[in-house]
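Inside the fold
Listed below are the residues making up each chain.
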Amino acid sequence: MFLDRYDVIVVGGGHAGAEAAAAAANLGSKTLLVSMNLQTLGQMSCNPAMGGIAKGQIIREIDALGGYSGIISDSSAIQFKMLNRSKGPAMWSPRVQSDRMLFAQHWREALEQTDNLDFYQEMVTSLIVENNTIQGVRTSLGIPIYAKSVVLTNGTFLNGLIHIGDKNFGGGRAGEPASKGLTSQLQDLGFTSGRMKTGTPPRVDGRSLDYTLMEEQPGDSDPDHFSFLGRQQPLEHQRSCYITHTSLDVHDTLRSGFDRSPMFNGAIQSTGPRYCPSIEDKINRFADKDRHQIFVEPEGWSTVEVYVNGFSTSLPEDIQFEALRKVRGFEQVKFFRPGYAIEYDYFPPTQLNHSLQTKLYDNLFFAGQINGTTGYEEAAAQGLMAGINAHQFVHEKEAVVLGRDEAYIGVLIDDLILKGTEEPYRMFTSRAEYRTLLRQDNADIRLTPKAFELGLASEKRLKLMEEKIDQTERLLKHFHNQSFPLDEVNDLYDAKNIPPVKQTDKWVKVISRPQVSMSDLCELPSFKSYLEDAPVRKDVLHQAETQLKYAGYIEKEKQQADKLQRLDHIKIPEGFDYFPLASLSHEAKEKLNRQKPQNLGQASRISGINPSDISVLLVHLSR
């Protein structure tokens, strides 16, 4: 039924598993994707959307590295929005509303068209361990499948337990069974596990809603796309989302069910996501708030099913229904299914290396919610890197690790490995200290050359990126070397209430003013004429504008990154014993011995390690 031995077996077909399998196979590894249900590969288990604050940057990075999430988001999009346009470009974050069924369909089609990739539908119940080495996996039918490396991407399925009010039952998500056996075996092998919780809101019948009572949220008038390859077809039509709000009456109804809430009666003791709390958690924690936003999101082009974003709950279904009917526009609502909470096992990610290899078994990799993260984007990013590094390990090549100054993916993994997490980890722009460098618009420039060298990005991607760089450099030279016509610019300044200038200067002086945008300059006859003679792509105009306006910030962040990178180049010998160093604090000794950082940079980012501890290590290692 199977190859004698695969290079890589990926367990789980969610966002992490799909990206891991695609990456390993595209790099040339003989890969097997094992999933309990091949009909749900890449399924959106929760909200029907990809991207958002910081998450959009991650999808752009996955795409730049040759992953599939950006392409599939584009092909299944029903709405596109660039969030945070009112802020600086470092905060701009793309987001698409997706057709849930199309998204999963396109994922399956993409995977089926991937060479070197086989599929098998069954539950993996254990790992095959021989001579203290992972040799493969064993299924619920007792079938052994052998491999040189294994990537576990089990999502919320490990001993998953679903809660609705005082009812609970095993499941990885609604309608699908939990995965049994793996947690206990991994614990026997020396791994530490924990429990986490996440939740999902009710799905309702859109025909029963009154949208006239809600605030419409249309997509962008000039919709962009995620993939740097460009959208296959322009998104000419879009579906709107809507906003409504809860009320004090809704809150009172929800509170009436608190005595039957698993979150308050002790049935759920695990930690839920801080930044995506349930509705009962919100009204309990923010009792001073009279209302909370509800985002009404369509599930696709043709379905009437609607996702009630912001109303995640595990309250009894009768309380959910009664409370939701008191929300403006939901007075006649009909349920497709109630919301629920789910508890599942995870393994603290401090047990991994930056390659996402486990420290105990170097051919075993963890990716996604098994590492304590929440969100499709965080999972997909980890899956991509785990798939790459499983291939690298099997073929005896150096692991690929992205730095904090290279990608949000690097920030995500570095945070997980060095700081760990006791609650579902979600990416934010605030977690990245170099976010002016890590913009969504330059992910291709940052990462595509690396991916091409690796063999994951196509030559087409590389050429598009090189063309973008060439056009941007040509445009930057024009701004720095060419002078503007005085009359045209003073007319623009007059319209913007900017004091006129008495003599001409270089174009860079104009674009550097905060009141002036590139689109303003494109309306000036002389600049318009230049663009007609030397056409550039739309993304190049934005790229050049950002580099010109934020040149000082970008240079400062580069200097900071270079300074901190010096610590990354100071290696710590494998097996180094910190306890004999008398000048180190006891806490530092314990954490450093447990975490085993590979260099001083990693050591400096471990929670509880002080600059004085790094100074002690620096002196000792320099000897």
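Position numbers for residues start from 1 in each chain and track the written sequence from start to end. Side-chain atom pairs in this predicted model are given and counted only at pLDDT of 80 or more, local residue features only at pLDDT of at least 70, and totals for whole chains, interfaces and linings cover all residues. By convention in this description, side-chain values take in all heavy atoms of the structure and omit both hydrogens and water.

Let's shift gears to unusual backbone geometry. Within the chain, Asn84 stands out as a residue other than glycine whose phi angle is a positive 65°. Located in the positive-phi region is Asn116, a residue other than glycine, with phi close to 70°. We count a stretch as a helix when DSSP gives it H or I for four or more residues in a row; a strand needs E for two or more, and each element gets its number in order from the N terminus. Turning to its location among the elements, Asn116 is positioned in the loop between α4 (100–112) and β6 (117–121). Judged by relative accessible area, Asn116 falls into the partly exposed class, the value being 26%. Residue exposure (1.4 Å probe, protein chains only): buried if accessible area is under 20% of the type maximum, exposed if over 50%, otherwise partly exposed.

Another point: the nonpolar core. Core analysis: the largest hydrophobic core is formed by 114 residues, its most contacted members being Ile9, Leu127, Leu152, Leu364 and Ile409. A total of nine residues in this core trace back to one element, the largest contributor, which is helix α9 (residues 376–394). Ignoring anything within four residues of it in the chain, the contact list for Ile9 reads Leu32, Val34, Val137, Ile145, Tyr146, Ala147, Ser149, Val150 and Val151. Within the second largest apolar cluster, 26 residues are counted, among which are Phe479, Tyr493, Val508 and Val536. For this analysis, a nonpolar core means a set of buried residues of the types Ala, Val, Leu, Ile, Met, Phe, Trp, Tyr and Cys, connected via side-chain atoms within 4.5 Å. In this analysis, two residues are considered to be in contact whenever any of their non-hydrogen atoms come within 4.5 Å of each other.

Here we come to the packing of aromatic side chains. Centres within 6.5 Å make a pair out of two Phe, Tyr or Trp rings, where for Trp the six-membered ring is used; the pair is then stacked when the planes are under 30 degrees apart, edge-to-face when over 60, and tilted otherwise. Evaluation of the coordinates by the stated rule reveals 17 aromatic pairs. The interplanar angle of 45° and the centroid separation of 6.1 Å between the aromatic rings of Phe527 and Tyr530 together place this pair among those described as tilted. Of this pair, Phe527 and Tyr530 both sit in helix α16 (residues 525–533), separated by three residues, roughly a single helical turn. Side by side, Phe527 and Tyr530 carry an identical accessibility label, which is buried. A centroid spacing of 6.1 Å and a plane angle of 45° characterise the contact between Tyr550 and Tyr553, whose relative ring orientation is tilted.

Across the six residues that make up strand β1 (residues 6–11), a large majority, six, are buried. A clockwise course of the path from the first strand over the helix to the second, judged with the strands pointing away from the viewer, identifies a crossover as right-handed. Handedness of the crossover joining β1 and strand β2 (residues 31–35) through helix α1 (residues 15–26): right-handed.

So, about the state of the cysteines. Pairs of cysteine sulfur atoms within 2.5 Å are what we label disulfides. Evaluated as defined, the whole model comprises zero disulfides. Among the cysteines around Cys46, which has no disulfide bond, Cys276 carries the closest sulfur, lying 6.6 Å off.

Along strand β4 (residues 77–83), five of the seven residues are buried, which leaves the element largely enclosed by surrounding structure. Two strands qualify as a pair provided that DSSP identifies no fewer than 2 bridges between them. Across six bridges, β4 lies against strand β5 (residues 93–98) in antiparallel orientation. When the bridges of β5 are listed, Phe80 appears paired with Val96.

Take the sheet that holds strand β11 (residues 167–170) next. The sheet built from four strands is open, its strands ordered β11-β10-β19-β12 with antiparallel pairing. The strands lining the two open edges of the sheet, one partner per strand, are β11 and β12 (194–200). Pairs of neighbouring strands in the sheet enclose a mean axial angle of 25°, with direction left out of account. The pairing of strand β10 (residues 161–164) with strand β19 (residues 340–346) spans three bridges and is antiparallel. Looking across to β19, one finds that His163 is bridged to Ala341. Orientation is described by axes fitted as lines to C-alpha atoms, over the contacting stretch for helices, and by angles from 0 to 180 degrees between their N-to-C directions.

Moving on, we get to the packing of α9 against helix α10 (residues 408–419). Running from N to C, α9 and α10 point in directions that differ by 90°, and their axes come no closer than 10 Å. The orientation of α9 relative to α10 falls into the category roughly perpendicular. Two secondary-structure elements touch here, α9 through Glu378, Ala381, Gln382 and Met385 and α10 through Ile409, Leu412, Ile413 and Leu416. Looking at the contact of α9 with α10, its residues break down into six nonpolar, one polar and one charged. Under this scheme an angle from 65 to 115 degrees is roughly perpendicular, one under 35 degrees roughly parallel, and one over 145 degrees roughly antiparallel; angles in between are oblique. Classes in brief: Ala, Val, Leu, Ile, Met, Phe, Trp, Tyr, Cys and Pro nonpolar; Asp, Glu, Lys and Arg charged; the others, Gly included, polar.

Turning our eyes to something else, we now look at the pattern of salt bridges. Working definition: two side chains of opposite charge can pair if their charged atoms are close together. Salt bridge criterion: a side-chain nitrogen from Lys or Arg within 4 Å of a carboxyl oxygen from Asp or Glu. Evaluated as defined, the whole model comprises 35 salt bridges. We note a salt bridge from Arg195 to Asp345, for which the minimum N-O separation is 2.9 Å. Remark: Asp345 occurs in strand β19 and Arg195 occurs in strand β12; sequence separation between them is 150 residues. What makes Arg195 partly exposed here is its relative accessible area of 29%. Residue class for Asp345 comes out buried when judged on its relative accessible area of 5%.

Quick look at helix α8 (residues 317–324) now. Each α-helix turn comprises 3.6 residues. Residues three or four places apart therefore point the same way. Taken as a whole, α8 has its buried residues at Ile319, Gln320, Ala323 and Leu324. Taken end-on, α8 shows its buried residues confined to a sector of 120°, consistent with a single buried face. For α8, the secondary structure elements touched by its buried residues are β10, β13 (203–205), α6 (248–255), β17 (305–309) and β18 (335–337). Arc definition: directions from the helix axis to the C-beta atoms.

We now examine the sheet that holds β5. Strands sit in the order β3-β5-β4 across an open sheet of three strands; the sheet is antiparallel. The sheet terminates laterally at β3 (49–51) and β4, the two strands that pair on one side only. On average, each strand axis in the sheet is tilted by 15° relative to the strand beside it, whichever way the strands run.

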